[in-house]
Amino acid sequence: MHQVGSLIDFAENCWKGILAEVSEAAVYIDHAAAECFHWYSGDKAYLSFKNAGALSVHELSLFNLKFIKAKETKKAVVISTSAESSFYNETLKLILEKNHFSKCIIFCSVHTSVLDYNTIFPREGKINYDELQQQNQRWIDGKYETEVGESSVTIIYSPIFTASLNDSVFLTPPFGNMMPPIDENSLLHYENDVEYFASSMHSLFSNLNVKEDVYSMGRLSNIVAEKLATLPAAINRRKQISDERTVSFILLDRTLDLCTACSYNTESLLGRILCTLPHLNHHNNDIAVNMSPFCHEGEECLSSFMVPGCLATNETNVLDLLLHKKQKDLLLAFNKMLNDMSTVNESPIKTKLATRVSAHSLEKLVHKFRNSENIENLTRSSKTLQIIIAAIQALKSDKTAQLELLVSFEKLILQNLAISRDASSIVAQLSNIIQSRSSRGLTMDNLLVLLIHVYSMVGNDINFPPQQEEQLRNSLADAIFEDMEKCNQVESSEDLSVYHQTLILLSFGISDAEVMKKTSKQIATHIMDLFHAIASQRHILQNYKSIICKSSKQEMAKGVGLVERLVTDLIDSNKPEIPDLQCNTFSLLSTSFNLLMKGRMKHPSDSALIIIYILGGITPDEARIVQEKTSSLSNHPKIILSGSRLLNPLDVLEKILLSNLSASLS
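To start, this report covers the structure provided alongside it.

The rules behind these values
Residues numbered from 1 in each chain as written. Predicted model: local features only at pLDDT ≥ 70, side-chain atom pairs only at ≥ 80, totals over all residues. Heavy atoms only, no water. Pairing = 2+ DSSP bridges. Helix = DSSP H or I, 4+ residues; strand = E, 2+ residues; numbered from the N terminus. Contact = heavy atoms within 4.5 Å. Axes fitted to C-alpha atoms, helices over the stretch in contact; angles between N-to-C directions. Parallel < 35°, antiparallel > 145°, perpendicular 65-115°, else oblique. Nonpolar A, V, L, I, M, F, W, Y, C, P; charged D, E, K, R; others polar. Polar contact = N/O pair within 3.5 Å; in protein donor to acceptor, adjacent residues only side chain to side chain. Phe/Tyr/Trp six-rings, centres within 6.5 Å; stacked < 30°, edge-to-face > 60°. Lys NZ or Arg CZ within 6 Å of the ring centre and 35° of its normal. Salt bridge = Lys/Arg side-chain N within 4 Å of Asp/Glu carboxyl O. Buried < 20%, exposed > 50% of the residue type's maximum accessible area, 1.4 Å probe, protein only.

1. Considerations on the sheet that holds strand E15 (residues 609-615)
Strand order in this open sheet of seven strands is E8-E9-E16-E15-E11-E10-E14, and the pairing throughout is mixed. On the outer flanks of this sheet lie strand E8 (163-166) and strand E14 (582-583), each paired with one strand and no other. Pairing of strand E10 (residues 211-217) with strand E11 (residues 246-253) involves seven bridges; the strand directions are parallel. Looking at E11, one finds that Glu212 is bridged to Val247. Of the strands in this sheet, E10, E11, E15 and strand E16 (638-643) are in contact with helix H23 (residues 562-570), which crosses E15 at around 165 degrees. Taken strand by strand, helix H25 (residues 620-631) contacts strand E9 (169-171), E15 and E16, and its axis lies near 175 degrees from that of E16.

Here you go:
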C-alpha cells in the first residue's frame, strides 16, 4: 500500500490555516475545538494563539460573551464545532453587538452539506448588526463572503474534529457525547449527528487520499456506515482512488460491550488516572493534576490558585508509555525517567537500581528531584513531571480502597458466573452489597456502574431469577430513597456527583416522604428495565455474544472484551470470517464477482491500515490491548483505535443510565 498521511498531518493542515488568520484578532473558540487544539499543541493552545499574533482568546459561550468586550482590534476569528444554526445566529449576533469588529472570520467544522450556512446569514435580506454596514452576501467555493467597504463576514469550512494521543490512538471531541442508545426507538434522534460524523470522516479520508471499505457492528454503527457509504462526495472520491490506497474503517457501538467500559479491573495506569483524578474544566479526555508537589518544602503553596497540570503533550514517547504499558512496567519507566532527567541536568540523584517501584518511592524521587533542581531545569522537565505526578496521585488516591473492593467484586462475580450459569446467588449478593454499602465505604454511583458491568457481561446467556431481581429492585429503591432525602438537605449541588444531581432533578418539589418513596420505586423500576436493555445489546451478534471466556476447568475464567476479540480475528493470518461485521461499501455485483474470482469475501485485514472507531468512546485498556496484540507481529495491518472520547466507568453511568433517567422521568 502507498504511504498514507498521518492523522497528525491532517490536524496540522486544519490548524495551520486557522493560525494564519488570527494575527491582530480576538479569537473565540468553543470547548470541543479547544480540546482538539489542546492535544494538537501539546497543552500549549493559548501560547500558540498568542505566538501567532492573537490579541486575546475567549471561550465561545453565550454566558461568557455577555461580559466580554474585545479591545484594540476590529477583527474577530470564531472557531466552532457546533452543528446548530441557531447557535451561530445568537452567538455571532452577541459578539458583533458587544464589539466594533469590521472583519469576522468563522472557521466552522461542519460542512455546508450538513449545516446550511444560508440559515446563518440568509442569501436575501440584511445583517442588521450595529457595527456592520448593510451587506450583500455571496457564496464562493464553500466560503461565505460579504464585502461592502472594509466590512466582511467569512465562513470557512475546516474539519476540526480529531485529537491524536499518538499515531495509533485518536479521539473526536465534537462527538464526545455521541453514545449509541440502548433503546432502538431513539435512533431517529441521531440523524444530525450521523450526517455530521459521516461528513467529517469523509474529510479525513479525503485529506489522507484513501478510499475506505466500511464495516459496522451495532445499530447506530450500521446507520453511520450506510450514511458514509452512500454519501455522494465519498462515492466520487472512492471512484477516483486506486485499490492500493484502501483502508478498512470499522465502526462499533460501545453499547455492545459496556462490560469492559464499566470495569475498574484495569492493568492500565491511565485507566486508574481517569477513574481518580478530575477532568480539566470543559474537557472530556484530559485530567487536572494538582501541581502543589512542585512547591519547595517550606514554601506556602495555595493549590487552589495554581494552574493544574495535565496529560496532553507533544512528547509522544511519554504518552506512548502511558497508553501501552502495564502499571508495573510504567512505574519502572517513570523511575528511570526521573533518574535520567537528573543526570542530564548534572544533579544526579543517588538511588539504587529499582526492581520494584511504588507510588511512595516515586514521590520521594520527585521531591529529591525538585529540591535539587533550579527553576529552568524544572520547567524543561515540567510535562514529564506532570504525568508522573498524575500517576502518583492516582495510586495514592482516597478512592483506592473503594476501587480495589469493586475489583474484587468483579472478579468474584465473574468466577461465579463461569461456574454456575443460573447465577441464582449473584443478584442476591448484589442486593446485600447495596444494603451494606455505607459500612463498606461504597457509593451508589459505583454500585450502579458494577450493575451495568454485570448485566452487560451476562448478556442473554444467563437469566437471573425473577424473585432475586425483585429483591434487587427493592434494594435499589430503598437506596435511592435514602440518597434523595440526603440530597434534599444539601444547600448547594455544585460539588455533588452527576448521580446526586440527577436525583435532585427527579425529586425537585417533592417534600412528602410517601411521594418520594413512590418516586424512588419508579426510578428503580426504570433502572431495572435499562439493565435488561443493556443485557440484550449483543443478541444481534453471532460469534461475539459472550464476554466470559473459560478455556478449561483448570483455568480461571476471564472477561474478553469485544475489541480484543475483534483484533484477535483481524490479525489472524488465516483471516477467519467475521460474520458480526456488516460490510457497507461493496455492491452486490462486486461482492459476487469477488466470490467468483477469489473464492471468498473481502476481509478487513486485506487492507494495510485498519481504523477501529467506537461510537461512545474507548478505554485505556483497549488501547493497551491493541498495541500488545500487534506489537509482536510483523506481517499484519496497522491498527488505529479511535472513539468519541476516553471513557471512565462513571462516564458510562452518566451517558447510559442517568441521562436516560432524566429524559424519561423528569
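2. Here's the deal with the packing of helix H21 (residues 498-506) against helix H26 (residues 649-665)
For the pair H21 and H26, interaxial distance at closest approach is 10 Å and the crossing angle is 10 degrees. The orientation of H21 relative to H26 falls into the category roughly parallel. Together, Val498, Tyr499, Thr502, Leu505 and Leu506 of H21 and Glu654, Leu658, Leu661, Ser662 and Leu665 of H26 make up the contact between the two elements. Here the residues of the contact of H21 with H26 sort into seven nonpolar, two polar and one charged.

3. Quick look at the environment of Thr266
Relative to the elements of secondary structure, Thr266 occurs in the loop between helix H9 (258-261) and helix H10 (269-276). When the C-alpha atoms of Thr266 and Thr619 are compared, they prove to be 9.6 Å apart, with 353 residues separating the residues in sequence. Setting aside its immediate chain neighbours within four residues, Thr266 contacts Gly271, Arg272 and Asp621. Only 3.2 Å separates the side chain of Thr266 from the side chain of Asp621, close enough to count as a polar contact.

4. Observations regarding the environment of His636
For His636, the position within the fold is in the loop between H25 and E16. Residues His636 and Leu570 lie 66 residues apart in sequence; the distance between their C-alpha atoms is 8.5 Å. Ignoring anything within four residues of it in the chain, the contact list for His636 reads Ile571 and Thr630. At 2.8 Å, the side chain of His636 and the backbone oxygen of Thr630 are in polar contact.

5. What about the packing of aromatic side chains?
Summed over all chains, the structure comprises twelve aromatic pairs. Between Phe37 and Phe49 the ring centres are 4.7 Å apart and the planes differ by 45 degrees, which places this aromatic pair in the tilted class. Taken together, the residues Phe37 in helix H2 (residues 31-40) and Phe49 in helix H3 (residues 45-51) connect sequence positions twelve residues apart. Taken together, the ring pairs connect Phe10, Phe161, Phe175, Tyr196, Phe197 and Tyr613 into an aromatic cluster. Note that Lys517 overlies the ring of Phe481, its terminal NZ or CZ placed 5.5 Å from the centroid.

6. Examining the side chain of His58
Position of His58 relative to the elements: it lies in strand E2 (residues 56-59). Side-chain polar atoms of His58 contact the side chain of Ser56, separated by 2.9 Å. Sequence-distant contacts of His58, that is, excluding residues within four places in its chain, are made with Ala26, Val27, Tyr28, Ile29, Ile68 and Ala70.

7. Observations concerning the pattern of salt bridges
By the definition in use, this model includes 22 salt bridges. Between Glu212 and Arg237 there is a salt bridge, and its shortest N-O distance comes to 2.7 Å. Taken as a pair, Glu212 in strand E10 and Arg237 in helix H8 (residues 232-239) lie far apart in primary sequence, 25 residues in all. Summarising the burial analysis for this pair, Glu212 and Arg237 share the class buried. The salt bridge partner of Arg473 is Glu470, with a shortest N-O separation of 2.8 Å. Pair noted here: Arg473 and Glu470 are both in helix H20 (residues 466-488), with a separation of three residues, about one helical turn. Exposure remark for Glu470: the relative accessible area of 37% places this residue in the partly exposed category. In the salt-bridge network here, residues are joined through shared partners; they are Glu267, Lys326, Asp621, Arg624 and Glu628.

8. Quick look at the side chain of Ser168
Turning to its location among the elements, Ser168 is positioned in the loop between E8 and E9. Excluding its chain neighbours within four sequence positions, the residues that come into contact with Ser168 are His324, Ile639, Ile640 and Leu641.

9. As for the pairing of E8
Relative to E9, E8 runs antiparallel, the two being bridged by three bridges. Opposite Ser164, over in E9, you have Phe170 as the bridge partner.

10. Structural notes on unusual backbone geometry
Despite not being glycine, Glu72 shows a phi value in the positive range, around 60 degrees. Tracing the backbone through its elements, the reader meets Glu72 in the loop between helix H4 (62-65) and strand E3 (75-80). Phi at Lys575 takes a positive value of approximately 50 degrees, unusual for a residue other than glycine. Secondary-structure assignment places Lys575 in the loop between H23 and E14. On the basis of relative accessibility, which here comes to 33%, the residue Lys575 falls in the partly exposed class.

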